[in-house]
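Chain residues, written in single-letter form:
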Amino acid sequence: MSLSYVLAIDQGTTSTRAVVYDATGRCLGSAAQEITQYYPQPGWVEHDAEEIWGSVAAVVPKALDAAGIKASALAAIGLTNQRETSVLWERGSGKPVARALVWQDRRTADFCRAHHTDENWLTGKTGLVLDPYFSATKIRWLLENSADLRTRAEAGSLAWGTIDSFLIWRLTGGRLHATDATNASRTLLFNLQKAAWDDELCRYFQVPPCILAEVRPSAADYGKTAGLDFLPDGIPITGVAGDQQAALFGQCAFAPGEAKCTYGTGAFFLMHTGNQPTRSKNRLLSTLAATLDPRPQYALEGSIFIAGAAVQWLRDGLKLFDAAPAVEDLAAKADPGQEVIFVPALVGLGAPHWVPEAQGVIFGITRGTTKAEFAKAVLEGVAFQVADLVDAAGADAGSPLSSMRVDGGMARNAWFLQCQADILGLPVLTAAHSESTALGAAYLAGLHVGVWPNLESLRRLPQQTQTFKPVLPDNERQRRLADWRRAVKAVISYYTS
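One structure accompanies this document, and this report is about it. Quick caveat, the model's predicted, so the values are computed rather than measured.

### Points about the pattern of salt bridges
Link 1 in the chain: Across all of its chains, the model carries 34 salt bridges by this definition.
Link 2 in the chain: Arg-107 is paired through a salt bridge with Asp-105; the nearest N and O atoms lie 2.8 Å apart.
Link 3 in the chain: The class for Arg-107 is buried, based on a relative accessible area of 11%.
Link 4 in the chain: The partner of Arg-479 in a salt bridge is Glu-339, with the nearest N and O atoms 2.6 Å apart. Of this pair, Arg-479 sits in helix α16 (residues 474-496) while Glu-339 sits in the loop between α11 (326-332) and β18 (341-343), and the two are 140 residues apart along the sequence.
Link 5 in the chain: By sharing partners, the salt bridges in this structure join Arg-83, Glu-84, Arg-186, Asp-243 and Glu-301 into a single network.

Below you can see the structure in the form of C-alpha cells.
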C-alpha cells in the first residue's frame, strides 16, 4: 500500500508545531510547544538552538500519537521555519556555538545606518533592503565579536544556516548541510537574478562562503532521517520553505497576482509575481517564492515585525488578560468614540518604512481610556500596517488587489478580520486551514514523493473559507488611514531626527 501521510514540522518564532496531514490535506493530529525568547539588551532577541531542537523532538511523537499513525506510515517530512534567524554550529559535533540571533534582533542597526549609501546596490542584487532583519549582518556580528569564531569559520570547522539548515543537519545525523531557495533569498548574500550565493556580497559582509549551505529547490531531496530517538531512520525530507513562502504555497497561490497575508509573530504579505522578479518602487521586498524545480519563482513581500507579538505583549507584558483569544472580546467592548492609535514599532518599523530605530507609540490616551481601548488599538495597528503594504503592492503591480487571503493565529479572530476588511476596503478570505504555513510545507514534501501529482490536484482539495466584507464607509476609512499615517510620520520623525 502506498504511503499517503505527510508530517510537517513548523518551527516558528514563539513555538514549534508538528502536524500530520493525509492525502486530502486534512489535519489528522498536531502538537505544539512554546520556546523561550531571550532579550539580553533592548533590541536584542535570541533563541537557544538546542531548545529549538528539543522542541522538535518533543512535538513530533505527540503529533503522530494525536493522528493515530506510526512514523513508518509517513511518506515524507516537510519543514518550514522562521526565516532570517541565524544559527552557527560546529560541523563535528553539531552543537551551536552561540545563541541564535532572531530575525527581530536589531543589534546591527548601527552597521546598517553607517552603510545606507550602499543600499541601492544591495537591493539591485538581492531584492532586499539593508536592514538588521536579514541574516548577513547577523552573521557578520557573530564573527566580528569573537575572533575564535571568525578563525574557526574561515577554517571550515563551523557551519551557518537559518533554522531549516540546522534542523536538516540534525534530522539527517549531520549528513546534509542544505537550505532551500526561499530561505537563501532572505540573507542579503543571495543573488536574486542568478538564484545563487554571491561572492561579492559575501566579501562585503565578510562572510566566509564555506560556512553557507547548499541551495536546493523547495521541493527536493533533503536526505533521510538518521540516528534519531523520536523517528526511525529512512524517512525522506522532501519539502523545505521559509514560513511565509510556505504559507503562500499552502494557500494555493501559485500564479502571478495571487496574494496572502499571514498573521503570526509578525504579519507578512506576499504576492506571487511569476518567473521574473518585480522590482518594488515602494520599498517592498523582491524575494523567491517556493519552487518545485531549479527554475526560480518570485514574489513581492511586505514584512511587519509585530502582529501577534503585540497581543502577546498585552498578555505577558501588561497582563491585560490571561489568554490571547481574550483580546477579541476585550476589543469589542472598546468605546468607538475613543480613537486611540497604536504604532506597534516594538522592534522597529518594517516595510514600507524600514526604520529600525523606531519604537512603539500610543496616541490619544485620555482619562477615559481603558484596557479595552488598548486592545482595540493594538489590533487596529496591525490592520493599518497591512493596509500600507497592500497599497504599496498594488502600486508596484499596477493594479489593486480585489481581495486578500489570510491565515495564521490572528486569522481566528473574527473581530480583527472584520477590522482588517474595513481598513483595506476589500473582502478578506480566511484559509481553509489557519495553519497554512505547515500545510504548505506538507504540500511541497508530498508533491516531491507523489502524494499529490501536480499543483492542480492541490487546488482541487476541499476548501472551506469564510469571507469578511468591508462595511466601513469609504470616506471614514480614508480619514482613519490619514490619521494613522500622520501618527507613523510622527514616530519616524521622533526617532530619526
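### Here's the deal with the nonpolar core
Link 1 in the chain: Formed by 100 residues in total, the largest nonpolar core has its most connected members in Leu-189, Phe-205, Tyr-263, Phe-269 and Met-404.
Link 2 in the chain: The element that contributes the greatest number of residues to this core is helix α12 (residues 371-397), accounting for 14 residues.
Link 3 in the chain: Apart from the residues within four sequence positions on either side, Met-404 is in contact with Cys-261, Tyr-263, Phe-269, Val-386, Val-390, Gln-420, Leu-424, Pro-427, Val-428 and Leu-429.
Link 4 in the chain: One finds Ala-18, Trp-89, Ala-159 and Leu-231 within the second-largest nonpolar core, a separate group that totals 40 residues.

### Structural notes on the packing of aromatic side chains
Link 1 in the chain: Under the defined criterion, the tally for this structure stands at 22 aromatic pairs.
Link 2 in the chain: Note on Trp-44 and Trp-141: the rings are 5.4 Å apart at their centroids and 80° apart in plane angle, and the pair reads as edge-to-face. With Trp-44 in the loop between β3 (27-34) and β4 (46-47) and Trp-141 in helix α4 (residues 135-144), the pair connects residues that are 97 residues apart, well separated along the chain.
Link 3 in the chain: Classification of Trp-44 as buried rests on a relative accessible area of 19%.

### A short note on the sheet that holds strand β14 (residues 259-263)
Link 1 in the chain: The strand order across the open sheet formed by 7 strands is β16-β17-β15-β14-β20-β21-β22, and the pairing between neighbours is mixed. Sheet topology places β16 (285-289) and β22 (467-468) at the edges, where each strand pairs with a single neighbour.
Link 2 in the chain: As paired strands, β14 and strand β20 (residues 404-408) are joined by 4 bridges and run parallel to one another. Note on β20: the bridge partner recorded for Thr-262 is Asp-407.

Rules used throughout
- Residues numbered from 1 in each chain as written.
- Predicted model: local features only at pLDDT ≥ 70, side-chain atom pairs only at ≥ 80, totals over all residues.
- Heavy atoms only, no water.
- Salt bridge = Lys/Arg side-chain N within 4 Å of Asp/Glu carboxyl O.
- Buried < 20%, exposed > 50% of the residue type's maximum accessible area, 1.4 Å probe, protein only.
- Helix = DSSP H or I, 4+ residues; strand = E, 2+ residues; numbered from the N terminus.
- Core = buried A, V, L, I, M, F, W, Y, C linked by side-chain atoms within 4.5 Å.
- Contact = heavy atoms within 4.5 Å.
- Phe/Tyr/Trp six-rings, centres within 6.5 Å; stacked < 30°, edge-to-face > 60°.
- Pairing = 2+ DSSP bridges.

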